[in-house]
Amino acid sequence: RMSKDLEPFSAMCCCCSQRLASVASIVLLLCVHAQGICTNVVVNRSSVTYVPDDTCQATLPEGTWISHHGCQVSHLEAITIAGPSTLSSLYVGARDLRQASILFVDWLNRKRGGLVVGSRRLSMNLAWVDDGESKLQVANATAQALRLDNVHFGVAGYSSRLTSYAALQAKADQMVMISAGASRDSIFHDNSYMFGFLPGVESKKHDLYSSIVKIATHVDAVWDSSNSSDEGACGREGCLSTLRFAEIGSSCRSYLDEVRTQYFGEIQPCEKVSTKSSDDTLRLVLRRLKSNNVTILEVFTSNVSQIRTITEIMEELQFNVYALICAGRVFKSDFAEEVKSGWWQSSYILDSTPWYPEGKRASGGFSNMTSQEFAAEYEATWHEAPSYLAAAQFAAFCGLSQAIEMAASLNPQDVAAQLRNISLYEFYADISFGPVGTIAMQTVIVQLLEASDSMTTPQAVYPDQEAIAHFVFPKPTWAQQRCRTVTSDCYGHGKCTTSGTCVCDEGWSGTACEKEVVVAETNDIIVLLTIAFASVIALSMFVLGVWSFCRCHRRLQRSLLERLTKAIAQEDHGAIASTRRGLACCGWGPQQI
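The rules behind each value
- Residues numbered from 1 in each chain as written.
- Predicted model: local features only at pLDDT ≥ 70, side-chain atom pairs only at ≥ 80, totals over all residues.
- Heavy atoms only, no water.
- Buried < 20%, exposed > 50% of the residue type's maximum accessible area, 1.4 Å probe, protein only.
- Helix = DSSP H or I, 4+ residues; strand = E, 2+ residues; numbered from the N terminus.
- Pairing = 2+ DSSP bridges.
- Right-handed = clockwise from strand over helix to strand, strands pointing away.
- Axes fitted to C-alpha atoms, helices over the stretch in contact; angles between N-to-C directions.
- Parallel < 35°, antiparallel > 145°, perpendicular 65-115°, else oblique.
- Left-handed = near helix turned anticlockwise from the far one by under 90°.
- Contact = heavy atoms within 4.5 Å.
- Nonpolar A, V, L, I, M, F, W, Y, C, P; charged D, E, K, R; others polar.
- Polar contact = N/O pair within 3.5 Å; in protein donor to acceptor, adjacent residues only side chain to side chain.
- 1 Å grid on protein atoms, 1.4 Å probe; cavity = no way out; pocket = protein on both sides within 12 Å on 5 of 7 lines; lining within 4 Å.
- Points joined across faces, edges and corners; volume = space filled by probe spheres on them.
- pLDDT = per-residue confidence, 0-100.
- Expected span 1.5 Å × (residues − 1).
- Patch = residues over 30% accessible without salt bridge, like charges linked within 9 Å, V, L, I, M, F, W, Y side chains within 5 Å.
- Areas by Shrake-Rupley, 256 points an atom, 1.4 Å probe, with all protein chains shown as cover.
- Salt bridge = Lys/Arg side-chain N within 4 Å of Asp/Glu carboxyl O.
- Disulfide = S-S within 2.5 Å.
- Phe/Tyr/Trp six-rings, centres within 6.5 Å; stacked < 30°, edge-to-face > 60°.
- Core = buried A, V, L, I, M, F, W, Y, C linked by side-chain atoms within 4.5 Å.

Participant: Explain the pairing of strand β11 (residues 245-249) to me, please; I cannot follow it from the model alone.
Facilitator: Each regular strand shows side chains that alternate between the opposite faces of the sheet. Extensive coverage of β11 is indicated by the burial of 5 of its 5 residues. Of the two faces of β11, the one holding Phe245, Glu247 and Gly249 and the one holding Ala246 and Ile248 are both buried throughout. Of the strand pairs in this sheet, β11 and strand β13 (residues 296-300) are connected by 5 bridges, and their pairing is parallel. Note on β13: the bridge partner recorded for phenylalanine 245 is isoleucine 296. Inspection of the sheet shows β11 paired to strand β12 (residues 271-272) by 2 bridges, in the parallel sense. Within the sheet, the bridge partner assigned to glycine 249 lies in β12 and is lysine 272. Handedness of the crossover is the feature at issue here: the chain leaves β11, passes through helix α6 (residues 257-264), returns alongside β12, and the resulting connection is right-handed.

In structure tokens, the structure reads:
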């Protein structure tokens, strides 16, 4: 029988002409005996015990599955990397890790020609034993995987919960184990055989919270230097001095309080709500957070529908914050589906990720791949985009392979020593390890900008060397976001204000700048003004000419009348006749004369 989750394994084209009979097969688990006495980690519901066992067998349920992947490469010896994984159910994180492992092994054997270990060249195979997605089974599955024939190194499965027990078994067997599916720092404490390729939770929060403090400081500095009379993006007090943090979610992560206090000072008590909390309960909690002037709110729940409800109630209450954080959710498919369904309130949500597929890092030192090239290879093989887990797993195998070649040995102590001191540039990150045993890397801060059915993928906004978009801080008010959504930012003819109203560009009017104001072209205006001015001048001259003519005409008439009167008095008939002819020319009739 083959589970649907594992069907792709059988369809994979291997790197050589002949495939091992065990490749991608599901068989009953065979107990492998080893010489000497082994130590089995036995996990009960409330305790962990270490049991010596001279048979080196670990009890597993009957019919437990094991999966192999690899291929016979001519003239090359083979080593096997093995570990626990959830095979019997569709556990997406575990599947992503296995798919990345298969991609690496096929690339290593087919394109790179295997590993160079001293004077030998070795190929690599994989094996997994089903952990049943259970803490009661994972340690036993790990023991059996690490004791299979020709296994030299271990690879952990998915989740911090399960890996914490797998790590104990790897330590007991003194087997180097790489992990790209766990981020709890305590797993790697006091365990020199465990190497984590995901940043620890506290490290991720340091990066996220410090980015908020830095951008708040920058926004304040820009406002101060502008000498503006405006209140600034965060009001008269500025952004930095008004950062007030609170968390709402299904659990309260008090172990992060020290980190939060480091960046935000006094923090508000965590508001714990269940995934079944009513809208009225959420409304009451959010009102309380608003009254406490919270400006940085982190929502921690796996229920995306509840995250949406929280944001919609925040808009209803006009509870405006500078930043809204949703840890570990924005890359999930259910999150994207909610955004596509019209969840515009998800715009500007922040999260952090170890790896961003559109990142700007150069080709890796071992893989010789960029992030884009890795993503293309993964998608071509598995017909889906890689998650950050897949990138971390591929990088983990790169790191282990580099350490093996540097050690020129398969001895676990020698390889562990090389891993502890490794410095490898990869498309995923700069691979080096801190004192805890987890990778020392800076995570990428992402923000979902202007969420819509066509924009569901967050953009990298910090640090600068990874950013492909501008970090929006503080986030727009709910009224401004609604204005931008409903009116498409005033239909492109203006800008939405923080109060949600439109300030229109010149030539546009209306509540949403939807009306065009008809304004004549500048050249037309000049022509019209010129004609009007010329007309006024011409009319003025005409009026002046008429007035002057009439004035002269009246003077002439008075002069002729005076001459006529004088000629009559003197009985000068010649003068009388000539004067009468002059008056006739001025329009006087015989009777008037």
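What follows continues from the structure just given.
Participant: What exactly am I supposed to notice about the packing of helix α7 (residues 279-291) against helix α8 (residues 304-317) here?
Facilitator: The geometry of a pair of packed helices is captured by two quantities: the angle between their axes and the separation between those axes. Between α7 and α8, whose axes approach to 10 Å, the crossing angle comes to 55°. Put simply, α7 runs oblique to α8. As for the relative orientation of α7 and α8, their crossing is right-handed in sense. Taking contact as the criterion, the partners of Asp279, Leu282, Arg283, Leu286, Arg287 and Lys290 in α7 are, on α8, Gln306, Thr309, Ile310, Ile313, Met314, Glu316 and Leu317. Of the residues contributing to the contact of α7 with α8, the split by class is 6 nonpolar, 2 polar and 5 charged.

Participant: Can you walk me through the environment of histidine 206 in this structure?
Facilitator: Checked against the element boundaries, histidine 206 lands in helix α5 (residues 201-226). Between the C-alpha atom of histidine 206 and that of arginine 260, which follows or precedes it by 54 residues, the distance is 8.2 Å. Leave out the neighbours within four places in its chain, and histidine 206 touches Val259, Gln262 and Tyr263.

Participant: Where do I start with the side chain of glutamate 298 in this structure?
Facilitator: As for its position among the elements, glutamate 298 is in strand β13. Separated by 2.7 Å, the side chains of glutamate 298 and tyrosine 209 make a polar contact. At 2.9 Å, the side chain of glutamate 298 forms a polar contact with the side chain of arginine 253. Residue contacts for glutamate 298: discarding those within four places in its chain leaves Lys205, Tyr209, Phe245, Ala246, Glu247, Ile248, Arg253, Arg260, Ile325 and Ala327.

Participant: Teacher, can you tell me more about empty space enclosed by the protein here?
Facilitator: Using a probe with the size of a water molecule, rolled over the atoms, empty space left in the structure can be pinpointed. With the rule as written, the count across this model stands at 1 cavity of 30 Å³ or more. Forming the boundary of the largest cavity are Pro84, Ser85, Ala94, Leu97, Arg98, Ser101, Trp128, Val155, Ala156, Gly157 and Gln393. Considering every element that reaches the lining of the largest cavity, the biggest residue donor is helix α2 (residues 92-112), with 4 residues.

Participant: Can you walk me through the confidence of the model for the chain in this structure?
Facilitator: Detail in the predicted coordinates should be disregarded across regions flagged by low pLDDT. Counting all residues, the mean pLDDT for the chain is 86, and 87% of those residues have values of 70 or more. Scored below 50 in pLDDT, residues 1-35 shows 86 contacts in the model against residues more than four places distant or in partner chains.

Participant: Any chance you could explain the packing of α8 against helix α9 (residues 333-340) here in plain terms?
Facilitator: Between α8 and α9, whose axes approach to 9 Å, the crossing angle comes to 40°. Relative to α9, the element α8 lies oblique. For α8 against α9, the interelement crossing comes out right-handed. From α8, Val304, Ser305 and Arg308 reach across to α9, where they touch Asp334, Phe335 and Glu338. Of the residues belonging to the contact of α8 with α9, the class tally is 2 nonpolar, 1 polar and 3 charged.

Participant: Would you mind showing me how to read helix α4 (residues 160-172) here?
Facilitator: Each α-helix turn comprises 3.6 residues. Residues three or four places apart therefore point the same way. Here α4 is 13 residues long and its end C-alpha atoms lie 18 Å apart, about the 18 Å a rise of 1.5 Å per residue gives. Among the residues of α4, Ser160, Leu162, Thr163, Ser164, Tyr165, Ala166, Ala167, Gln169 and Ala170 are the ones counted as buried. Close packing links the buried residues of α4 with β2 (38-43), β3 (48-53), β5 (77-85), α3 (135-146), β9 (177-179) and β10 (194-196). The positive-phi residue at the C-terminal boundary of α4 is glutamine 174, with phi of around 50°.

Participant: What is the right way to read a nonpolar patch on the surface from this model?
Facilitator: A contiguous nonpolar patch, built from Leu539, Phe542, Val543 and Val546 and spanning about 390 Å² of accessible area, is present on the exposed surface. Tracing the backbone shows valine 546 in helix α15 (residues 522-570).

Participant: What is the right way to look at the state of the cysteines in this model?
Facilitator: Throughout the structure, instances matching the rule amount to 6 disulfides. The disulfide bridge from cysteine 490 ends at cysteine 502, spanning 2.1 Å between sulfur atoms. Linking cysteine 490 and cysteine 502, the disulfide has an S-S dihedral of approximately -100° and is accordingly described as left-handed. Separated by 12 residues along the polypeptide, cysteine 490 in helix α14 (residues 488-491) and cysteine 502 in strand β21 (residues 502-504) bring together distant segments of the chain. The buried category is assigned to cysteine 502, whose relative accessible area is 16%. Each disulfide pairs two cysteine sulfurs, and for cysteine 504 the partner residue is cysteine 513, the sulfurs being separated by 2.1 Å.

Participant: Is there a simple way to explain the packing of aromatic side chains in this structure?
Facilitator: In this structure the tally under the stated criterion is 21 aromatic pairs. Measuring from ring centre to ring centre gives 6.4 Å for phenylalanine 104 and phenylalanine 366, while their planes differ by 25°; the resulting arrangement is stacked. Separated by 262 residues along the polypeptide, phenylalanine 104 in helix α2 and phenylalanine 366 in the loop between β15 (349-353) and α10 (371-382) bring together distant segments of the chain. Comparing phenylalanine 104 with phenylalanine 366 shows no difference in burial state: the two are buried. Centre to centre, the rings of tryptophan 107 and phenylalanine 366 are 6.0 Å apart; their planes meet at 65°, and the pair counts as edge-to-face. Remark: phenylalanine 366 occurs in the loop between β15 and α10 and tryptophan 107 occurs in helix α2; sequence separation between them is 259 residues.

Participant: Just checking my understanding: could you explain the nonpolar core for this structure?
Facilitator: In globular proteins that are soluble, nonpolar side chains generally tend to be buried together. Grouped together as the largest cluster of nonpolar side chains are 59 residues, with contacts concentrated most on Phe104, Phe374 and Tyr428. Those elements that place two or more of their residues in this core are β5, α2, β6 (115-117), β7 (120-130), β8 (151-155), α10, α11 (388-407) and α12 (412-420). When residues no more than four places from it in sequence are discounted, the contact partners of phenylalanine 104 are Met124, Phe366, Phe394, Phe397, Cys398 and Ser401. Ranked by size, the runner-up nonpolar core spans 33 residues in total, among them Ile248, Val304, Phe319 and Val446.

Participant: What should I look at first to understand unusual backbone geometry in this one?
Facilitator: For residues that are not glycine, phi is negative in most cases, and the peptide bond is trans in most cases. For the bond from tyrosine 462 to proline 463, the omega torsion is 0°, close enough to zero to count as cis. For proline 463, the location among the structural elements is in the loop between β19 (459-462) and α13 (478-486). In this structure, proline 474 follows phenylalanine 473 across a cis peptide bond, with omega equal to -10°. Mapped onto the fold, proline 474 is located in the loop between β19 and α13. Its identity is not glycine, yet alanine 408 carries a phi of approximately 55°, on the positive side. In this structure, alanine 408 sits in the loop between α11 and α12. Judged by relative accessible area, alanine 408 falls into the partly exposed class, the value being 41%. Despite not being glycine, serine 488 has its phi angle at roughly 55°, a positive value.

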